[in-house]
Amino acid sequence: MDVRLKTELSELDAYTLMDMGWQGLKNGVLSEKVNENEFTFFITADKNLPFQQNLSKLLFIIILLDTPTLLWEHQSLFAPKIIAFVKSFAPVPSLKIVHISLEGFSKGKKREQFRRIFTPEQILFL
């Protein structure tokens with residue numbers, strides 16, 4: 001993710017991997033660090049991340065941005081949806097993934113794949 005997203009999310013308490021000194025960590029170790037530090041959400045555009053994690057061990061929710069590229073121009077478009085979701089969030093014990101897409105922007109292929117693999121209690125589509 002582009003570090004400028006943190007600025008766009010200034011209404012929230014947001015930290016980058018660099019802020020935490022976690023850049024370069026593998027996903028398993030990174031998940032452990034997020035759990036240990038009691039973060040509620042982890043924002044990523046890595047569409048494979050949910051498949052690489054044991055969801056039952058996650059104490060946080062993956063906010064997955066369905067963006068076709070990692071260009072800043074694309075990532076920045078997701079900030080309003082992220083802010084709206086986080087500000088209105090009410091805890092749901094089984095929720096592990098929030099898949100955020102933008103109308104006419106996201107490709108949607110992963111959404112269908114996620115629907116086949118994850119239960120409705122585990123994933124929320126925005």
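Scroll up for the structure.
Thresholds applied
- Residues numbered from 1 in each chain as written.
- Predicted model: local features only at pLDDT ≥ 70, side-chain atom pairs only at ≥ 80, totals over all residues.
- Heavy atoms only, no water.
- Helix = DSSP H or I, 4+ residues; strand = E, 2+ residues; numbered from the N terminus.
- Buried < 20%, exposed > 50% of the residue type's maximum accessible area, 1.4 Å probe, protein only.
- Core = buried A, V, L, I, M, F, W, Y, C linked by side-chain atoms within 4.5 Å.
- Contact = heavy atoms within 4.5 Å.
- Pairing = 2+ DSSP bridges.
- Axes fitted to C-alpha atoms, helices over the stretch in contact; angles between N-to-C directions.
- Salt bridge = Lys/Arg side-chain N within 4 Å of Asp/Glu carboxyl O.

Undergrad: Tell me what's going on with unusual backbone geometry, and back it up with residues and numbers.
TA: Backbone geometry at E38 places phi at a positive 55°, although glycine is not the residue there. Tracing the sequence through the fold places E38 in the loop between α3 (27-36) and β1 (41-44). We classify E38 as exposed; its relative accessible area is 68%.

Undergrad: Which residues make up the nonpolar core, and what values do they have?
TA: Side chains that are nonpolar tend, in soluble globular proteins, to be buried together. Grouped together as the largest cluster of nonpolar side chains are 18 residues, with contacts concentrated most on L5, L9, I63, L65, I82, V98 and I100. Secondary-structure elements contributing two or more residues to this core are β2 (61-65), α5 (79-88) and β3 (97-100). When residues of this core are assigned to their parent elements, the largest contribution, four residues, is made by α5. In this structure, L9 is in contact with A14, I43, A79, I82 and I83, ignoring residues within four places of it in sequence.

Undergrad: Lay out the sheet that holds β3 with the relevant residues and their values.
TA: Judged by pairing direction, the sheet is parallel, and its four strands sit side by side in the order β1-β2-β3-β4 without closing on themselves. A strand with exactly one partner marks an edge of an open sheet, and here the two such strands are β1 and β4 (123-125). Taking the axes of each pair of neighbouring strands and ignoring which way they run, one obtains an average angle of 20° across the sheet. Pairing between β3 and β4: three bridges, direction parallel. Bridging from a neighbouring strand, V98 pairs with L124 of β4.

Undergrad: Which residues make up the pattern of salt bridges, and what values do they have?
TA: One pass over the full model with this rule turns up five salt bridges. Here D19 and K6 are joined by a salt bridge, their closest N and O atoms 2.7 Å apart. Of this pair, D19 sits in helix α2 (residues 17-20) while K6 is found in helix α1 (residues 4-8), placing the two residues 13 residues apart along the sequence. Here D66 ties to K47 by a salt bridge, and the two come within 3.9 Å at their closest N and O atoms. Here the residue D66 occupies a position in the loop between β2 and α4 (72-75), and K47 occupies one in the loop between β1 and β2, the gap between them amounting to 19 residues. Neither D66 nor K47 differs from the other in exposure class; each is buried.

Undergrad: Describe the environment of Q53, with residues and values.
TA: Within the fold, Q53 resides in the loop between β1 and β2. Sequence spacing of Q53 and L71 is 18 residues, and the spatial spacing of their C-alpha atoms is 25 Å. Non-local contacts of Q53, meaning those with residues more than four positions away in its chain, are made with N27, G28, S31 and L58.

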